[in-house]
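Here is what each chain is made of, one letter per residue.
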Amino acid sequence: MKGMSRAEIEGLRQAMLLGTSRRALMPPPALQAILASKEGVDPSLYIFALAGQQRRFERPSVALPHEVPQAAMHLHRDPLPILPAAARRAFMRLLDIVGKDLATVVIPAAMRRVTAAGMRLHPFDLPRLVPHLKASQETLGIAERAFLALAEAPAKDDRPDLLSMEITAENWIDAPKSQRRLFLRRQRMADPAATRALIESALPQESAAGRADLLRTLVVRLGPDDVGLIESFARDRSNLVREAATFLLARVRGTPDHAKRLGTAAQCFQRKKGAAKSLLSMVGVAKSATLAYIPPPSFDFNKQLAAVETLFEGISLPDIAGATGCTEQDILDVLPEDDVVFWAFHATAMLEGDTSTQQVLTEHQLMATRVFPEAYTLVRLVAAGALPVSVPQANSILASERWSKVVVNASVTDAQDFGQLVLTAALLPTQVLPQFRSTIAGVSPVASRLALAFADIVAAIAADRPSD
Amino acid sequence: VAGEISGILSKDRIEQLAPDQASLSAALKLQKPAKWPVLARGDEGDVIWGECQGSRATPYRVVVVTADAGYKCTCPSRKFPCKHVLALQLMACDTPASFKPGSVPDWVREWQARRRPAKAPQPNTDAESPTGPGASLAAAAAAQAEEKQADPKAAARAEAQRQRLRQEREAAVVAGLDELDRWIVDQLSLGLAGFSQRAPQSVRALSARLVDSKAQGLANRIEMLAADLFRAPEPSRDDLLLGRLAGLSLISFAYRDQAALPTALREDVRRAVGWTTRREDLLEDHAALRVASSWSVIAVRSEVQPDRLRRMDTWLLDRKPPPGEVRIALLTDYGPASAGSVGAAFAPGEVIDAEIVFYPSAAPLRGLLNSSTPSMREGAWPALPQGLAAGFAAYESALAQQPWMDAWPMAMSNVRLVSLSADRLALTDSNGQVLPIDMGQTSDALPLLGLAPFSVVVLWDGCVAELLAADTEIGPWYRA
């Protein structure tokens, strides 16, 4: 095809695009000899075929590319080690086999295990995990945040807020809201007064939604020292901010309002008249026979539930234990299983970052209820980010008759696991998972494979970090 | 596999072979010896078989060759492999002791005898002629051949009949090519700028006429055109259309002028039109190019063609090519689209030691697996030529050899990924040359941004490149 110039080709191309009925294809000199030898054939076909073919040899000419976005650089600069190959394979296998209904709980739980081991997911796996990354923004690391920024705007750094390498007291204000919340909650756990000062200095520059958001982070280790700041916003022009202030003021321990609500809530736990505490219950070996849970009476069950929920909002298990003079275990023991008060305690512990109470509640749910929790209860625990129970508790769970019944049940049916096994695995510590595997060895593979896949991830991570 | 059963079966591979999760779940439920009145293995542990009580009066007979995961089940399922095959394979992994050694029964022997020479696991056993004979029909054909030898007159009659059919088809194809030429001239007259609007209707009508003319290959190309245009970036659509229609014209010219073409190119043009080469014929063709080497599986992709066949492409990269060369092979298998997804025989990253027999071509690419043994999970890539220019040169050379090819794999090292726009990525090299990437891959390819220069294999059609695999500082990347 030597001899057809670029201009000639472009002229032919224009004619082909416009239509040869409008602009005839004029054969360039280089083609005339060929066409002369092809009598009886429509010359336009020859010209078209050869010109079209010559264009296929042209290399793409695109304007100079943009620079690589900053987010892409951050994606690969995260200092955390990437999940080792075996753990990565196990993780992707879990992602492949988990159903949509459980994925939203099980995958974040697996991601938390990766983070807890001080590792990060392989960057090449992140595109498949975008929905889970978006749903767990508070706990994302540098690479995951950078990938989300990249996924939103691959060409430019439209989301600088997602790109901070490490959130500090100097740059937290520029971080995305979810990251700010996480940072402030952590800071509050360590130093409530200094964090309050940080928040106070940032509040004037914030929008109404931002002010409300920042104020609500004071809920962690909330105390009388915070009242002054909160009260100064109780008459804010924004309803959102006023609501946040009211929410907080009702929770400040030691204030008359809180004391009144706590008193009312504590009245739901009454000692039975005339009943003496048994010796065993006094030393914590037997359940207290003297305590009863009596919610405020109502003719309407739903109204009663709503009233109890409102009453216990923001009241913690230790608060009630203190107010009633009972142990936390006594309180939990008298609550009906899966009661709204239990979940109110759970929500308060989560909100306030009280991990020890969270653990007490999780262990109670797994250990002390009449039957082993069903999948829907475990989903609530795991979705709330419940930490694995302690090793002794985990051993007790696996040795319990309630757990044996779960295993027997799973062994006699061919039904898949609707979450009971895999979510139990998610609530067990690494050290106990080999024992967990052996307890479900006889379970149908249909039922056990999700749980085993989860255990595989944890085991592969542990194998890479034998010292942990 | 533990115990006395040898071969390549592993849980990972079985899960990968499963056409979907539902099949796997169903197979897991069948993993109970009580449901298998017969479970046995050959003395050498290379074949296992069983009888599974299903919903029919007689049990389904299932056989699996453990060396290559080849299988057969008598159940009527349209999933390949079915749950019975998967269950048998899983049991071979989990409870090998439940397979008692025994003499191979006749029905297993019969099936083994009928199996074609291919040693690789094949979701669908017929490569070149997807709608053609299956394993059992191959046996029938062999029986017919024996018959012919016994009766020379019948053989002559059959040969004459074949010749007549062949001539009729040749005439029909040429008539189809006339239609194609007229259609292209019409499109040129109307102008290609407005093609996208009239494409769906116009393309469907021509495709139907080409199918009638027994030029199925051309019909598929025409039908794919509308979809490919839609996938291509707006600015390059005109050129893609121009290139594809020009390619069709070239096929038309070349087919009419076959006698003047070199043998390999003649084979190419006939295949492009729709003529097929039987698998057995190719494997027995001693003149065919054969390459025995260590191959990396770099991509597996499944696509439903306009003719409702699912095409499964497996791309292999030769890990030990002659110095200075890059060798890539494409294995293609077909199955009915109605059967749903079919499990892939290989997984990207796998390394196999195999002999590949290439279809005769001026630019050999597509081949058949003649023998293979799995080697390792992942292996290093060979040294690839540096920069995009090397890849373009390989593409241009192949295009010069085989002018109507749609796309060609380009392998090169020392390239980086950059963003061109919000939804557009491109490969670039130290010379500033760029290679735009298929927009459909943007989100999957994002993690390649920001990495140090890496090696890559792409499928380039002259307008847009599809990333097949990359070998990077943080490990291999494979297309989703």
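On a predicted model such as this, the values are computed, not experimentally measured, just so you know.

Asker: Before we move on, can you summarise the overall build of chain B with the specific residues and values?
Answerer: When you go through chain B residue by residue, the secondary structure sums to 13 helices and 16 strands. Looking at the 480 residues of chain B, the share that counts as buried comes to 54%. Considering only contacts in chain B between residues 6 or more positions apart, those separated by 24 or more positions represent 63%. When the accessible area of chain B is evaluated, it comes to approximately 19,700 Å², of which 52% is carbon and sulfur surface.

Asker: Hey, could you go over the overall build of chain A for me, with residue numbers and the actual values?
Answerer: The helix and strand inventory of chain A stands at 26 helices and two strands. Radius of gyration (C-alpha) of chain A: 32 Å, far over the 23 Å computed for a compact globule of 468 residues. By the burial criterion, 51% of the 468 residues in chain A qualify as buried. Taking as baseline every contact in chain A between residues at least 6 positions apart, the subset at least 24 positions apart corresponds to 68%. For chain A, the exposed area adds up to about 21,900 Å²; of that, 56% sits on carbon and sulfur atoms. Here chain A holds 52 positive side-chain charges and 49 negative ones, and the gap between their average locations is 3 Å.

Asker: So, the sheet that holds strand β11 (residues 408-421) of chain B: which residues are in play, and what are the values?
Answerer: All names here are of chain B. Strand order in the open sheet made by the six strands is β13-β12-β11-β14-β15-β16, with antiparallel pairing throughout. Each edge of the sheet is formed by a strand with only one pairing partner; in this case those strands are β13 (434-436) and β16 (475-478). Pairwise comparison of adjacent strand axes, ignoring direction, gives a mean angle of 40° for this sheet. Judged from the six bridges that link them, β11 and strand β14 (residues 454-460) form a sheet pairing that is antiparallel.

Asker: Requested: an account of the confidence of the model for chain B, with residues and values cited.
Answerer: Residues and elements named next belong to chain B. Overall, the predicted model of chain B reaches an average pLDDT of 85, with 89% of residues at or above 70. For chain B, per-element mean pLDDT is lowest for helix α5 (residues 135-150), which scores 51, and highest for β14, which scores 97. Every residue in residues 117-140 is under pLDDT 50, and counting partners more than four places away or in other chains gives 65 contacts. Note on the complex model: pTM 0.81, ipTM 0.80.

Asker: So, the pattern of salt bridges: which residues are in play, and what are the values?
Answerer: One pass over the structure, following the stated rule, counts 41 salt bridges over all chains. In this structure, E355(B) and R290(B) form a salt bridge, with 3.6 Å as the shortest nitrogen-oxygen distance. With E355(B) in strand β9 (residues 351-358) and R290(B) in strand β6 (residues 290-304), the pair connects residues that are 65 residues apart, well separated along the chain. Members of the salt-bridge network, linked through shared partners, are R6(A), E10(A), R13(A), R55(A), E58(A) and D239(B).

Asker: Account for the interface of chain A and chain B, naming residues and giving values.
Answerer: If you look at the interface, chain A gives 49 residues, while chain B gives 67 residues. With both chains or domains summed, chain A and chain B bury close to 5,000 Å², and 64% of this area falls on carbon and sulfur atoms. Ranking the residues of chain A by area buried against chain B places R56(A), R59(A) and F124(A) at the top, with a combined share of 16%. Residue R55(A) pairs with D239(B) through a salt bridge whose shortest N-O separation is 2.7 Å. On the surface where chain A and chain B come into contact, there are 20 residue pairs in polar contact (both at pLDDT 80 or more). Listed by contribution, the elements that provide at least two residues to the side of chain A that touches chain B are α1 (6-18), α3 (43-55), α4 (70-77), α5 (85-97), α8 (142-152) and α26 (445-464) of chain A. The element best represented in the side of chain A that touches chain B is α3(A), accounting for eight residues.

Asker: Describe the sheet that holds strand β4 (residues 70-73) of chain B, naming the residues involved and giving the relevant values.
Answerer: Residues and elements named next belong to chain B. If you trace the five strands from one edge of the open sheet to the other, you get β4-β3-β2-β1-β5, paired in mixed fashion. Where the open sheet ends on each side, the last strands, each with one partner, are β4 and β5 (100-101). Relative to strand β3 (residues 60-65), helix α4 (residues 106-114) is tilted by about 50°, and along the sheet it contacts β2 (47-52), β3 and β4.

Asker: Report on the packing of α3(A) against helix α6 (residues 152-190) of chain B, specifying residues and quantitative values.
Answerer: Viewed as axis vectors pointing N to C, α3(A) and α6(B) meet at an angle of 80°, and their least axial separation amounts to 10 Å. Compared by their axis directions, α3(A) and α6(B) come out roughly perpendicular. Packed against α3(A), whose contacting residues are S44(A), L45(A) and F48(A), the element α6(B) presents D181(B), I184(B), V185(B) and L188(B) at the interface. Split into classes, the residues belonging to the contact of α3(A) with α6(B) amount to five nonpolar, one polar and one charged.

Asker: So what's going on with the packing of aromatic side chains? Residues and values would help.
Answerer: All names here are of chain A. Inspection of every chain in the model, using the stated rule, returns 11 aromatic pairs over all chains. Ring centres 5.8 Å apart and planes at 35° place the aromatic pair W403 and F436 in the tilted group. Taken together, the residues span a long stretch of sequence, with W403 in helix α23 (residues 401-412) and F436 in helix α25 (residues 433-439) at a distance of 33 residues. Taken together, the ring pairs in this structure connect F269, Y293, F312 and F345 into an aromatic cluster.

Calculation criteria
- Residues numbered from 1 in each chain as written.
- Chains lettered and ligands numbered in written order.
- Predicted model: local features only at pLDDT ≥ 70, side-chain atom pairs only at ≥ 80, totals over all residues.
- Heavy atoms only, no water.
- Helix = DSSP H or I, 4+ residues; strand = E, 2+ residues; numbered from the N terminus.
- Buried < 20%, exposed > 50% of the residue type's maximum accessible area, 1.4 Å probe, protein only.
- Contact = heavy atoms within 4.5 Å.
- Areas by Shrake-Rupley, 256 points an atom, 1.4 Å probe, with all protein chains shown as cover.
- Rg over C-alpha atoms; globule rule 2.2 N^0.38 Å.
- Lys, Arg positive; Asp, Glu negative; His and termini not counted.
- Charge placed at Lys NZ, Arg CZ, Asp CG, Glu CD.
- Pairing = 2+ DSSP bridges.
- Axes fitted to C-alpha atoms, helices over the stretch in contact; angles between N-to-C directions.
- pLDDT = per-residue confidence, 0-100.
- Salt bridge = Lys/Arg side-chain N within 4 Å of Asp/Glu carboxyl O.
- Buried area = accessible area lost by both parts, 1.4 Å probe.
- Polar contact = N/O pair within 3.5 Å; in protein donor to acceptor, adjacent residues only side chain to side chain.
- Parallel < 35°, antiparallel > 145°, perpendicular 65-115°, else oblique.
- Nonpolar A, V, L, I, M, F, W, Y, C, P; charged D, E, K, R; others polar.
- Phe/Tyr/Trp six-rings, centres within 6.5 Å; stacked < 30°, edge-to-face > 60°.

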